[in-house]
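Chains, contacts and geometry: an overview
Residue strings, one per chain:
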Amino acid sequence: DGGITQSPKYLFRKEGQNVTLSCEQNLNHDAMYWYRQDPGQGLRLIYYSQIVNDFQKGDIAEGYSVSREKKESFPLTVTSAQKNPTAFYLCASSKGRQSNQPQHFGDGTRLSIL
Amino acid sequence: SQQGEEDPQALSIQEGENATMNCSYKTSINNLQWYRQNSGRGLVHLILIRSNEREKHSGRLRVTLDTSKKSSSLLITASRAADTASYFCATDAGKLIFGQGTTLQVKP
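Model, not experiment: these values are computed from the prediction.

When its secondary structure is counted, chain B shows 0 helices and 11 strands. Its helices and strands taken in sequence order, chain B reads β-β-β-β-β-β-β-β-β-β-β from the N to the C terminus. Computed over C-alpha atoms, the radius of gyration of chain B comes to 13 Å, within 12% of the 13 Å expected from 2.2 N^0.38 for 108 residues, which places it in the range of a compact globule. Structurally, chain B occupies a C-alpha span of about 40 × 25 × 20 Å along its principal axes. Counting over 108 residues, chain B shows a buried share of 44%. Excluding contacts between residues fewer than 6 apart, the proportion of contacts in chain B whose partners are at least 24 apart in sequence is 54%. Of the accessible surface of chain B, which amounts to about 5200 Å², a share of 44% is contributed by carbon and sulfur atoms. Within chain B, the 10 negative side-chain charges are centred at a point lying 4 Å from the centre of the 13 positive side-chain charges.

Of the residues lining the interface, 19 residues belong to chain A; the matching set on chain B comes to 19 residues. Linking chain A to chain B there are 2 salt bridges. Among the salt bridges present, the one from A:D107 reaches B:R41, with a minimum N-O distance of 2.9 Å. Between the two partners, chain A and chain B, sit 6 residue pairs in polar contact (both at pLDDT 80 or more).

All names here are of chain A. The 4 strands are arranged 1-3-8-7 in an open sheet whose pairing can be described as antiparallel. Each of the sheet's edge strands pairs with one partner strand only, and the pair in question is strand 1 (4–7) and strand 7 (64–66). Strand-to-strand twist in this sheet, taken as the mean axis angle between neighbours without regard to direction, amounts to 20°. Relative to strand 8 (residues 76–78), strand 3 (residues 19–25) is paired through 3 bridges, and the arrangement is antiparallel. When the bridges of strand 8 are listed, T20 appears paired with T77.

In regions of low pLDDT, the predicted coordinates are not meant to be interpreted in detail. Averaged over all residues, the pLDDT of chain A equals 93, while 99% of them reach at least 70. Ranking the elements of chain A by mean pLDDT puts strand 2 (residues 10–13) of chain A last with 93 and strand 7 of chain A first with 98.

We now examine a nonpolar patch on the surface. Together, A:Y10, A:F12 and A:L114 make up a nonpolar patch on the protein surface, roughly 390 Å² of accessible area in all. The exposure class of A:L114 is exposed, given its relative accessible area of 67%.

Quick look at the sheet that holds strand 3 (residues 19–24) of chain B now. All names here are of chain B. Across the sheet, 5 strands lie side by side as 1-3-8-7-6; this open sheet has antiparallel pairing. Both outer strands of the open sheet, strand 1 (5–7) and strand 6 (55–58), are each paired with one neighbouring strand and no more. Looking at each pair of strands side by side, their axes are set apart by 20° on average, direction ignored. As judged from the 3 bridges shared by strand 1 and strand 3, these two strands associate in the antiparallel manner. Along strand 3, the bridge assignment pairs E6 with C23.

This next bit is on the packing of aromatic side chains. Summed over all chains, the structure comprises 8 aromatic pairs over all chains. For the ring pair B:Y35 and B:F98, a centre distance of 5.4 Å and an interplane angle of 55° mean the geometry is tilted. Placement of the pair is B:Y35 in strand 4 (residues 31–37) and B:F98 in strand 10 (residues 96–98), with a sequence separation of 63 residues. The residues B:Y35 and B:F98 share a single accessibility class, namely buried. Among the aromatic residues, those joined into a cluster by ring pairs are A:Y33, A:Y35, A:F105, B:Y35 and B:F98. Above the ring of A:F88, the side-chain terminus of A:R110 is found at 4.5 Å from the ring centroid.

Calculation rules
- Residues numbered from 1 in each chain as written.
- Chains lettered and ligands numbered in written order.
- Predicted model: local features only at pLDDT ≥ 70, side-chain atom pairs only at ≥ 80, totals over all residues.
- Heavy atoms only, no water.
- Helix = DSSP H or I, 4+ residues; strand = E, 2+ residues; numbered from the N terminus.
- Rg over C-alpha atoms; globule rule 2.2 N^0.38 Å.
- Buried < 20%, exposed > 50% of the residue type's maximum accessible area, 1.4 Å probe, protein only.
- Contact = heavy atoms within 4.5 Å.
- Areas by Shrake-Rupley, 256 points an atom, 1.4 Å probe, with all protein chains shown as cover.
- Lys, Arg positive; Asp, Glu negative; His and termini not counted.
- Charge placed at Lys NZ, Arg CZ, Asp CG, Glu CD.
- Salt bridge = Lys/Arg side-chain N within 4 Å of Asp/Glu carboxyl O.
- Polar contact = N/O pair within 3.5 Å; in protein donor to acceptor, adjacent residues only side chain to side chain.
- Pairing = 2+ DSSP bridges.
- Axes fitted to C-alpha atoms, helices over the stretch in contact; angles between N-to-C directions.
- pLDDT = per-residue confidence, 0-100.
- Patch = residues over 30% accessible without salt bridge, like charges linked within 9 Å, V, L, I, M, F, W, Y side chains within 5 Å.
- Phe/Tyr/Trp six-rings, centres within 6.5 Å; stacked < 30°, edge-to-face > 60°.
- Lys NZ or Arg CZ within 6 Å of the ring centre and 35° of its normal.

In structure tokens form, the structure reads like this:
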């Protein structure tokens, strides 16, 4: 079955620590996205990538970094510069590069501060 | 500023009743999408309606789009307890922007 796998499901970060969230897809999709969801809120775009070795900042990129070395993988690093990292992080992918494509989501990683 | 805003924020109905959720937006769009999110899970795409379409159906779901009023509605007919979830509209004006969602509770 094709899909998107996010790991870990729960993650705890100590102050001053960088943590990396994994996102892998086997849908052969070109585009991948990272969103942040705060309680009772919608999704806010952190970064997106439309093709391997290329990515763009979204609306709230500060304190985050990404890489896209393989089509299947789009890891997100939450750096120590992100002062309020506690949130639910969702990774998504879509077949084409255009925004008129439905997005497929993973089941998220919940990040908390220790 | 938020592109899509859902109304109501929360909705509670009995099983078998219909549920209607509305989405309003501010700028011209290419298409509008509706997604569902079960608690603690990722979003699932439900339906996409293009700007030149007025109505679309998928099973018990009916979506309408009124570009003159910049609004869309999602109707779930004959609701079931399993429909309990949050529902989000997402507007495409070059990039996809999600609203804050409507939380639907269907009581058995």
